[in-house]
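Residue-level structural notes
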Amino acid sequence: MSRYDVVVYGASGFTGAYVVEYLVNSEQFEGLSFAVAGRSEKKLREVLKNVSQKTGKDVSGAAVIIADSADENSLNTMARQAKVVINAVGPYRLYGEGVVKAAVENGASHVDISGEPAWIEKMQQKYAAEAKKQGVYVVSACGWDSIPADLGVNFLKKNFNGDLNHVESFVQLLTGPSGYSFNAGTYQTLILGLNGAATDKLGAVRKEIMPEKIVRGAVKVPKRPTLWEIKEKELGGVAVPFPGADKSIINRSQYYDATVRHARPIHMETYIRLSSQFYGYLIGIWIMLLSIFVKYPFTRRILQQYPDQCSFYMFKNSGPSTQQMAEASFVYWFFGYGYKETLPIDQQHEGKPNRKVVATCKGPDAGYIATSGCVLSAALTLIKDKDNLPKEGGVYTTAAAFGDSKIYDYLASFGITYQLESEYDL
């Protein structure tokens, strides 16, 4: 049986429909075959009809595959028809593993847009050996979580002109006059993640998938308060810890760098930049209340049933409007500190860092437009740039899989770009 280059699973969902639209509209995918997959043929046909109208390209007759996360046979049938499965069905801790299993066992690579560290790392624990045996690639967090961050650190390493020691990153989300609300699916994932944190046993998983001790630089990232003022030449505002998957993904990439590439691993801290202390306090209080209320079944049900009201409309079942997405953009800042001198990986630098390099990743709406561009770039790399992937299949982070590839060019075609902003001697 011949395989489609890409199968988009969950194509009728809020994010999945955007993935299909940007796939069809991308010159990079010209000449490649694709199919859409999901539970409802009617909804999938509606997506293809809408995409045809938006893009002016008639894809109404594209292949439709019926697949359901609750039906193992249907997932196997889907995977056998794909070179790469783009999995856009979350929350992944509920619906993701069956898709990974089907892909690995049936010879398809798998990329997803999960931002759920516990699920992502358990997939490596369970399926790395079989993926290696089958020669396929499983790469999670290929959306805005966490391609801008992970490949941003990789970009900074490659352009530091010395030894990078540590990085502080800042997410800056920009909205227009229409405001912005994320789709409630992201909110539901957050609720499930907070609820499962106590029972995920993530520490044990990490010991298994990263058994070797790696040595980072002697100088660590400065300790910061929970809410603190940013006083950089290039960036102001206030910062709070970023609750996404970025730090966990980057740490796994640093482990891969140290143990496989024999490159110097770095220290990392991730923050989100806010405009004011007042907003920072509100976000902190909201997260604290969520962390308490998810512990009790009654209050957890209320949180899940009323995402609009319980998130103060930061999340909505309807998601952002087309206008809101068109006005939105992001800047991901990377402030890297290290040494002008380059030493062998087994030698430590002495003294404080003497070099600073600032880089950014910039792009459109983070939630859906950039996420679509990111996961499509990951799929393109698996299809078109095999020579620059790791030589063996397996479960990888984005920087481990794509760090030496043409993915930066593919990302740029979707408006997601990396650049150096400034360099200093300290």
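About the cut-offs
- Residues numbered from 1 in each chain as written.
- Predicted model: local features only at pLDDT ≥ 70, side-chain atom pairs only at ≥ 80, totals over all residues.
- Heavy atoms only, no water.
- Axes fitted to C-alpha atoms, helices over the stretch in contact; angles between N-to-C directions.
- Helix = DSSP H or I, 4+ residues; strand = E, 2+ residues; numbered from the N terminus.
- Parallel < 35°, antiparallel > 145°, perpendicular 65-115°, else oblique.
- Left-handed = near helix turned anticlockwise from the far one by under 90°.
- Contact = heavy atoms within 4.5 Å.
- Nonpolar A, V, L, I, M, F, W, Y, C, P; charged D, E, K, R; others polar.
- Pairing = 2+ DSSP bridges.
- Buried < 20%, exposed > 50% of the residue type's maximum accessible area, 1.4 Å probe, protein only.
- 1 Å grid on protein atoms, 1.4 Å probe; cavity = no way out; pocket = protein on both sides within 12 Å on 5 of 7 lines; lining within 4 Å.
- Points joined across faces, edges and corners; volume = space filled by probe spheres on them.
- Domains from an automatic or database assignment.
- UniProt positions renumbered as here; feature names shortened; annotations may be inferred.
- Expected span 1.5 Å × (residues − 1).
- Polar contact = N/O pair within 3.5 Å; in protein donor to acceptor, adjacent residues only side chain to side chain.
- Core = buried A, V, L, I, M, F, W, Y, C linked by side-chain atoms within 4.5 Å.

It is worth spelling out the packing of helix 7 (residues 147-158) against helix 10 (residues 246-261) at this point. For the pair helix 7 and helix 10, the least separation of the axes is 9 Å and the interaxial angle reads 45°. It follows from the interaxial angle that helix 7 and helix 10 lie oblique. Between helix 7 and helix 10 the crossing geometry is right-handed. For the pair formed by helix 7 and helix 10, the contact residues are Ala149, Asp150, Val153, Asn154 and Lys157 on the first element and Asp246, Ile249, Ile250, Ser253, Gln254, Asp257 and Arg261 on the second. For the contact of helix 7 with helix 10, a count of residues per class yields four nonpolar, three polar and five charged.

The geometry of helix 6 (residues 117-134) relative to helix 10 is characterised by a closest axis approach of 10 Å and an angle of 30° between their N-to-C directions. As the angle between them shows, helix 6 and helix 10 are arranged roughly parallel. Between helix 6 and helix 10 lies a crossing of right-handed hand. Counting all contacts with helix 6, which are made through Pro117, Ile120, Glu121 and Gln124, the residues of helix 10 involved are Ser248, Ile249 and Arg252. Taken together, the residues that form the contact of helix 6 with helix 10 break down as three nonpolar, two polar and two charged.

Below, the discussion takes up the sheet that holds strand 10 (residues 238-241). Spatially, the seven strands line up as an open sheet ordered 9-10-11-7-13-14-16, and their pairing is mixed. Among the strands making up the open sheet, the edge pair consists of strand 9 (228-229) and strand 16 (417-425). Inspection of the sheet shows strand 7 (residues 163-174) paired to strand 13 (residues 329-339) by eleven bridges, in the antiparallel sense. Paired with Val167 across the strands is Gly336, a residue of strand 13. Sheet contacts for helix 7: strand 7, strand 11 (267-274), strand 13, strand 14 (355-364) and strand 16; angle to strand 13, the most-contacted strand, approximately 35°. Across the sheet, helix 10 lies against strand 11 and strand 13, angled at about 155° from strand 11, the strand it touches most.

With six of eight residues buried, strand 11 lies mostly within the body of the structure. Looking at chain direction, strand 7 and strand 11 are connected through six bridges and run parallel. Looking at the pairing, Ser169 lines up with Thr270 of strand 11. Where strand 10 and strand 11 come together, four bridges link them in antiparallel fashion. For Ala239, the partnering residue across the bridge sits in strand 11 and is Arg273.

The next point concerns the layout of surface pockets. Put simply, the second largest pocket is a space of about 460 Å³. Looking at the second largest pocket, it is lined by 21 residues, and the ones nearest its centre are Gln124, Ile209, Tyr256, Val395 and Tyr396. Elements with a minimum of two residues in the lining of the second largest pocket: helix 6, helix 9 (202-209), helix 10 and strand 15 (394-396). For the lining of the second largest pocket, the element with the highest residue contribution is helix 10, accounting for five residues. Counting contributing residues per domain, the lining of the second largest pocket is built from domain 1 (4-141 + 374-396) and domain 2 (147-366 + 414-425), each supplying no fewer than three.

What follows covers the UniProt feature "transmembrane region" (unreviewed entry) in the protein. With numbering aligned to this structure, UniProt lists the feature "transmembrane region" (unreviewed entry) at residues 278-298. Span residues 278-298 is 86% helix and 0% strand, its end C-alpha atoms 30 Å apart.

Let us now look at unusual backbone geometry. Of note, the amide linkage connecting Gly90 to Pro91 takes the cis form, showing an omega dihedral of -5°. With respect to the element layout, Pro91 can be found in the loop between strand 4 (82-87) and helix 4 (92-95). Going from Asp145 to Ser146, the amide bond is cis rather than trans, its omega being 5°. Within the secondary structure, Ser146 is located in the loop between strand 6 (137-139) and helix 7. Unusually for a residue other than glycine, His262 sits at a positive phi of about 55°. Residue position: His262 is located in the loop between helix 10 and strand 11. You can call His262 exposed: its relative accessible area is 57%. Phi is positive for Tyr313, which is not a glycine, with a value near 65°. Along the chain, Tyr313 turns up in the loop between helix 13 (307-310) and strand 12 (315-316). Its relative accessible area of 44% is what places Tyr313 among the partly exposed residues.

Let us look at helix 15 (residues 366-384). Because an α-helix packs 3.6 residues into every turn, residues spaced three or four apart end up facing the same way. An ideal rise of 1.5 Å per residue puts 27 Å on 19 residues; helix 15 measures up with 25 Å between its terminal C-alpha atoms. Among the 19 residues of helix 15, 18 are classified as buried, and the element is accordingly described as predominantly covered. Two or three places before Gly367, at the opening of helix 15, Asp365 has a side-chain oxygen 3.3 Å from that residue's backbone nitrogen.

A word on the nonpolar core. Core analysis: the largest hydrophobic core is formed by 87 residues, its most contacted members being Val6, Phe34, Ile86, Val111, Ile147, Tyr332 and Phe402. At ten residues, helix 15 tops the list of elements feeding residues into this core. Both domains that furnish three or more residues to this core are identified here as domain 1 (4-141 + 374-396) and domain 2 (147-366 + 414-425). One finds Tyr9, Leu75, Val85 and Ala108 within the second-largest nonpolar core, a separate group that totals 16 residues.

What the rule picks out here adds up to two cavities of 30 Å³ or more. Looking at the largest cavity, its volume works out to about 60 Å³. Lining of the largest cavity is provided by Asp163, Leu164, Asn165, Gly217, Ala218, Val219, Arg264, Tyr339, Gln348 and His349. With three residues, strand 7 is the single largest residue contributor to the lining of the largest cavity. Taken as a whole, the second largest cavity spans an internal volume of roughly 40 Å³. If you trace the second largest cavity, you find it lined by Asp150, Asn154, Lys157, Ser253, Gln254, Asp257, Arg261 and Ala399. Of all the secondary structure elements, the ones that give two or more residues to the lining of the second largest cavity are helix 7 and helix 10. Take the lining of the second largest cavity: its biggest share by element is four residues, from helix 10.

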